[in-house]
Amino acid sequence: QVQLVESGGGLVQPGGSLRLSCVASGSIHSISAMGWYRQAPGKQRELVASISSSDTTNYSDSLRGRFTISRDNAKNTVYLQMNSLKPEDTAVYYCNAVSKVVGTTFQTYWGQGTQVTVSS
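These figures come from a predicted structure and were not determined experimentally. By convention here, each chain's residues receive numbers from 1 onward along its written sequence. It should be noted that, the model being predicted, local features are given only for residues of pLDDT at least 70 and side-chain atom pairs only at 80 or more, the latter also being counted only at that level, while totals for whole chains, interfaces and linings use all residues. Side-chain measures here rest on the full set of heavy atoms in the structure, leaving out hydrogens and waters.

Participant: Could you give me a rundown of the pairing of strand β4 (residues 31-39), with the residues and numbers involved?
Facilitator: We call two strands paired when DSSP finds no fewer than two bridges between them. Helix and strand assignments come from DSSP, with helices taken as H or I runs of at least 4 residues and strands as E runs of at least 2, each series counted from the N terminus. Here eight bridges tie β4 to strand β9 (residues 91-102), and the two strands are oriented antiparallel to one another. When the bridges of β9 are listed, Ala-33 appears paired with Val-98. Where β4 lies against strand β5 (residues 46-52), six bridges are found, and the strand directions are antiparallel. Considered in β5, the bridge of Arg-38 is made with Glu-46. Between the end of β4 and the start of β5, which pair antiparallel, lie six residues, with Gly-42 showing a positive phi angle near 80°.

Laid out in structure tokens, this is it:
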């Protein structure tokens, strides 16, 4: 079992910055990758960024350059630094982890989500 606890969301003005944090607990040794997704009302959940156990990163093309994902393995934490925020970035942001169970079986875990609102 893997538990994910997110924090750092809130209200910010356009052009501002936020840093989201996600702390993993439980069977953290089995995690192969973590990421951030977001979902706005009426829209499909979409990938924001991901990071592998080898620290290889992947970003949505539209967000690359403004958002940065990083991890601190000692703290079992993944971060999402969000800069130059725009109103269209408003969404619920979810932390994600992919964990190996046994053999080729993997389990996906999700955090509870944290609201990010960009408004003047």
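We are not done yet, so read on.
Participant: Describe the pairing of strand β10 (residues 105-110), listing the residues and the values that go with them.
Facilitator: Pairing of β9 with β10 involves six bridges; the strand directions are antiparallel. Residue Val-98 lies in a different strand from β10, and its bridge partner there is Thr-108. Taking the residues between adjacent antiparallel strands as the criterion, β9 and β10 are bridged by two residues, where Gly-103 takes a positive phi near 55°.

Participant: I'd like a description of the sheet that holds strand β3 (residues 18-26), backed by residues and values.
Facilitator: Taken together, the four strands give an open sheet; going across it, the order is β1-β3-β8-β7, and neighbouring strands pair in antiparallel fashion. A single partner strand is all that each edge strand has here, and the edge strands are β1 (2-7) and β7 (67-72). Across the sheet, the axes of successive neighbouring strands diverge by a mean angle of 20°, strand direction being ignored. Orientation is described by axes fitted as lines to C-alpha atoms, over the contacting stretch for helices, and by angles from 0 to 180 degrees between their N-to-C directions.

Participant: Provide a residue-level description of the pattern of salt bridges, including the pertinent values.
Facilitator: Throughout this description, the term salt bridge denotes a Lys or Arg side-chain nitrogen within 4 Å of a carboxyl oxygen of Asp or Glu. What the rule picks out here adds up to four salt bridges. One salt bridge in this structure joins Glu-46 and Arg-38, with 2.8 Å as the shortest N-O distance. Each residue gets one of three labels from its accessible area relative to the maximum for its type: buried under 20%, exposed over 50%, partly exposed in between, using a 1.4 Å probe on protein chains only. Glu-46 sits in the partly exposed class, given a relative accessible area of 33%. With relative accessibility at 8%, the residue Arg-38 sits in the buried group. Among the salt bridges present, the one from Asp-89 reaches Arg-66, with a minimum N-O distance of 2.8 Å. One end of the pair, Asp-89, is in the loop between β8 (77-82) and β9; the other, Arg-66, is in the loop between β6 (57-59) and β7, and 23 residues separate them in sequence. One exposure class covers both Asp-89 and Arg-66, and it is buried. Bridged by salt links that share partners, the residues Arg-38, Glu-46, Arg-66 and Asp-89 form one connected network.

Limitation: the analysis is restricted to geometry and does not speak to function.
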